[in-house]
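One letter stands for each residue in the lines below.
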Amino acid sequence: MTARADHLARVRTFAATELAVKAVGWAQEGALDPALFRTAADLGLFGIELPVEAGGLGYDFAHKSAICAELAAVDFGFAMAVVNTHNVCKRLHRSAPKLCDRYLPDLLSGQVAACTALTEPGAGTDVVALATRATQTSDGWVLTGQKDWIVNARHAGMSIVFAKCGPGDDGAAIGAFAVDLTAPGVTRYATETGFPQASMGTGGFTLEHVTLPPEALILSPGTAFSSILSEINGARAYVAAMCCAMLAASIDTVAAYGQRRSSFGKPLMAHQAWRLALAQAQTDLAATQALTDRAVAAIADDSDAQLLAAQAKIHAVQTCQHHLPRMLHAMGAEGLRPTNCLTRHLAAVQSAALTDGAIAPLLERVARLSWSATPLRKD
Ligand SMILES: Cc1cc2nc3c(=O)[nH]c(=O)nc-3n(C[C@H](O)[C@H](O)[C@H](O)COP(=O)(O)OP(=O)(O)OC[C@H]3O[C@@H](n4cnc5c(N)ncnc54)[C@H](O)[C@@H]3O)c2cc1C
């Protein structure tokens with residue numbers, strides 16, 4: 001077995017045992033156990049793409065995507081919590097060498113979680129409408145604003161915060177800052193939904209005149225917005241991979257149930273009318289998995305992945321939204337129990353539909369990239 005396959009197998013075992021036990025509790029509003037983050041750190045999950053000399057594992061995007069899928073097969077929220085912290089480590093390593101000693105040891109060891117904060121109460125899809133403002137002073141920067149709907153924000157120790165620098169109001173004014181979320185002037189809060197958010201740690205924070213040193217600016221105005229646009233393709237591809245994993249796990253759960261549950265004297269699986277739903281889900285999963293694999297490969301190869309990543313995310317989310325309710329129904333009342341993954345994945349796909357780009361703007365992106373009637377915004 002290669003080192004990569006061995007690593008994937010160890011993550012799968014962790015997900016199927018420790019993570020699966022905790023996930024049942026999260027469905028019933030239990031809190032995230034910090035010890036689980038440290039186990040994830042022991043598996044190297046916060047440094048998958050970081051070079052070995054920087055404390056990482058030195059793997060590529062395809063491996064990160066495969067790890068995301070293994071975790072999401074059990075709990076999408078935990079997978080998002082891990083990959084969002086990982087991505088901050090990667091960003092710090094690439095763009096903020098002066099800050100690595102301060103932040104990376106705690107992040108890589110799972111002591112501290114991190115988040116990337118673009119979204120605000122008044123700006124979601126339209127990122128350029130963000131209102132958080134960074135004012136330059138003789139000592140550095142002062143940040144004021146609010147972020148909401150951010151993975152990990154309820155417990156993260158640090159964040160990469162996108163803000164407009166100076167008086168400018170367009171995409172070119174947006175810069176990115178490393179912010180200590182325990183600093184004076186920062187107040188974190190939990191963002192609750194009708195679905196459990198414990199493992200995803202969804203939350204927000206307000207920034208009231210938060211003072212930052214000059215080196216806290218890690219992506220300068222003029223580069224931050226284009227960096228968001230290119231990196232979000234990777235996020236769309238791994239969210240698609242996570243959706244495929246949630247559907248595959250649901251199909252497996254239902255297929256196993258169909259072998260052991262009988263009606264009218266034979267197993268459910270022996271009833272043709274019952275197993276057609278499963279066969280349809282399996283067929284559609286094969287198609288969306290093939291598209292997702294192409295998107296992941298394009299990103300791993302550094303090819304232009306805008307179109308494939310958008311299409312993969314749209315297709316994977318919609319395939320889950322179509323089939324997960326049918327999978328749940330195929331288990332009868334048993335499908336509603338938190339001890340299996342169906343209700344958890346059904347809830348998670350509603351979040352997956354929004355994170356890293358909602359469906360309608362993604363379809364619009366596909367249209368523009370396919371027919372270029374209207375140029376995509378370049379700012
Ligand atoms: C669980 C969860 C975790 C998240 N984590 C993060 C995170 O870590 N960091 C972060 O920065 N953000 C995060 N987000 C925010 C996410 O990126 C936004 O929810 C998403 O960008 C959509 O923005 P919005 O919710 O404000 O919807 P809006 O932008 O208000 O859109 C509302 C609806 O209108 C549609 N719409 C918007 N514009 C158009 C258009 N031009 N044409 C057609 N339809 C349109 C959208 O598709 C959507 O259905 C998270 C969201 C969720 C739910």
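Everything numeric in this text was worked out from a predicted model, so none of it was measured.

## A word on the overall build of the protein
Of regular secondary structure, the protein possesses ten helices and ten strands. In terms of overall dimensions, the protein is globule-like: its C-alpha atoms have a radius of gyration of 21 Å, near the 21 Å expected for 379 residues. When its C-alpha atoms are laid out on the principal axes, the protein stretches across 80 × 50 × 40 Å. Looking at the protein residue by residue over its 379 residues, the buried ones come to 51%. The long-range share in the protein, meaning contacts at least 24 apart out of those at least 6 apart in sequence, stands at 73%. Accessible surface for the protein amounts to roughly 16400 Å². Of this, 55% is attributable to carbon and sulfur atoms. Here the protein holds 30 positive side-chain charges and 33 negative ones, and the gap between their average locations is 6 Å.

## Description of empty space enclosed by the protein
According to the stated counting rule, one finds one cavity of 30 Å³ or more in the structure shown. The computed volume of the largest cavity comes to approximately 30 Å³. Forming the walls of the largest cavity are L45, I48, K64, I67, C68, L71, V82 and V83. Breaking the lining of the largest cavity down by element, the ones donating at least two residues are α3 (61–72) and α4 (76–95). It is α3 that provides the largest number of residues to the lining of the largest cavity, a total of four residues.

## Some details on the site of the ligand
The environment of the ligand is made up of 17 residues, and the closest members are T116, L118, T119, T125 and W149. Here a nitrogen atom of the ligand and a backbone polar atom of T116 are 2.9 Å apart. Between L118 and the ligand, the recorded distance is 2.8 Å, taken from a backbone N or O atom to an oxygen atom. Its free accessible area being 960 Å², the ligand has 62% of it covered by the protein chains. Partitioned by chemical class, the residues of the shell around the ligand number ten nonpolar, seven polar and no charged. When residues of the shell around the ligand are assigned to domains, at least three fall in each of domain 2 (116–221) and domain 3 (225–371).

## Section: the domain arrangement of the protein
Looking at the protein, the domain boundaries give domain 1 (3–112), domain 2 (116–221) and domain 3 (225–371). For domain 1 versus domain 2, the separation of C-alpha centres amounts to 22 Å. Each partner contributes residues to the interface: domain 1 has 25 residues there, and domain 2 has 18 residues. Both sides of the domain 1 and domain 2 interface together cover about 1700 Å² of buried area, and 70% of this is carbon and sulfur. Scanning the region where domain 1 abuts domain 2 turns up one salt bridge. Seen at the junction of domain 1 and domain 2, the total is five residue pairs in polar contact (both at pLDDT 80 or more). Counting residues per element, the ones that place at least two in the side of domain 1 that touches domain 2 are α1 (3–27), α4 and α5 (97–108). Sorting elements by how many residues they give to the side of domain 1 that touches domain 2 places α4 first, with eleven residues. Classifying every residue of the side of domain 1 that touches domain 2 by side-chain character gives 15 nonpolar, five polar and five charged.

## Concerning helix α7 (residues 272–300)
Taking 1.5 Å per residue as the helical rise, α7 with its 29 residues ought to reach 42 Å, and the 41 Å between its terminal C-alpha atoms agrees with that figure. For α7, the set of buried residues is W274, L278, A281, L285, T288, L291, T292, A295, V296, A298 and I299. On its buried face, α7 is in contact with α3, α6 (224–260) and α8 (306–330). Two residues or fewer after α7 comes D302, characterised by a positive phi angle close to 65°.

## A few points about the environment of D252
With respect to the helices and strands, the residue D252 is situated in helix α6. Remark: the alpha-carbon pair of D252 and P267, spanning 15 residues in sequence, is separated by 16 Å.

## Structural notes on α6
Here α6 contains 37 residues, and its C-alpha end-to-end distance of 54 Å stays within 8% of the 54 Å for a straight helix at 1.5 Å per residue. Considering bend angle alone, the principal kink of α6 is centred on E231 and spans about 25°. Among the 37 residues in α6, 27 count as buried, and that is most of the element.

Procedures and definitions
Sequence order as written defines residue numbering, which begins from 1 separately in each chain. In view of the model being predicted, local features appear only for residues whose pLDDT reaches at least 70, and side-chain atom pairs are presented and counted only at 80 or more, with totals across whole chains, interfaces and linings using the full set of residues. Water and hydrogen atoms were dropped before computing side-chain values, which therefore reflect all heavy atoms in the structure. Only DSSP runs of H or I with at least four residues qualify as helices, and only runs of E with at least two residues qualify as strands; both kinds are numbered from the N terminus onward. For the radius of gyration, the atoms used are the C-alpha atoms, and the globule rule reads 2.2 Å times the number of residues raised to 0.38. Here the term buried applies to any residue with accessible area under 20% of the maximum for its type, exposed to any over 50%, and partly exposed to those in between, with areas from a 1.4 Å probe on protein chains only. Residues count as neighbours in contact if any of their non-hydrogen atoms are within 4.5 Å of one another. Throughout, the Shrake-Rupley method with a 1.4 Å probe supplies accessible areas, and for residues the shown protein chains are the sole cover considered. His is not counted, nor are the chain ends, whereas Lys and Arg count as positive and Asp and Glu as negative. Note on charges: their place is set at NZ of Lys, CZ of Arg, CG of Asp or CD of Glu. Of the grid points, spaced at 1 Å and generated over the protein atoms alone, those admitting a 1.4 Å probe that cannot get out make up cavities, while open sets with protein on both sides within 12 Å along at least five of seven lines make up pockets; any residue with an atom within 4 Å of a point is treated as lining. Grid points are joined across faces, edges and corners, and a volume is the space filled by probe spheres set on the points. Nearness is judged by heavy atoms alone; a residue qualifies as near a molecule or strand once a single heavy atom is within 4 Å of it. Here a polar contact is recorded for every N or O atom pair within 3.5 Å, except that within protein the pair must consist of a potential hydrogen donor and a potential acceptor, and residues adjacent in sequence are included only if both atoms are side-chain atoms. Nonpolar residues are Ala, Val, Leu, Ile, Met, Phe, Trp, Tyr, Cys and Pro. Charged residues are Asp, Glu, Lys and Arg, and all others, Gly as well, are polar. Domain ranges listed in this record stem from an automatic or a database domain assignment. The term buried area refers to how much accessible surface (probe radius 1.4 Å) is lost by two components on association, counted for both of them together. Here, a salt bridge means any Lys or Arg side-chain nitrogen found within 4 Å of an Asp or Glu carboxyl oxygen. Here, expected helix span is obtained from the residue count minus one, scaled by 1.5 Å. A residue's bend is given by the angle between axes fitted to the 7 residues ending at it and the 7 residues starting at it.

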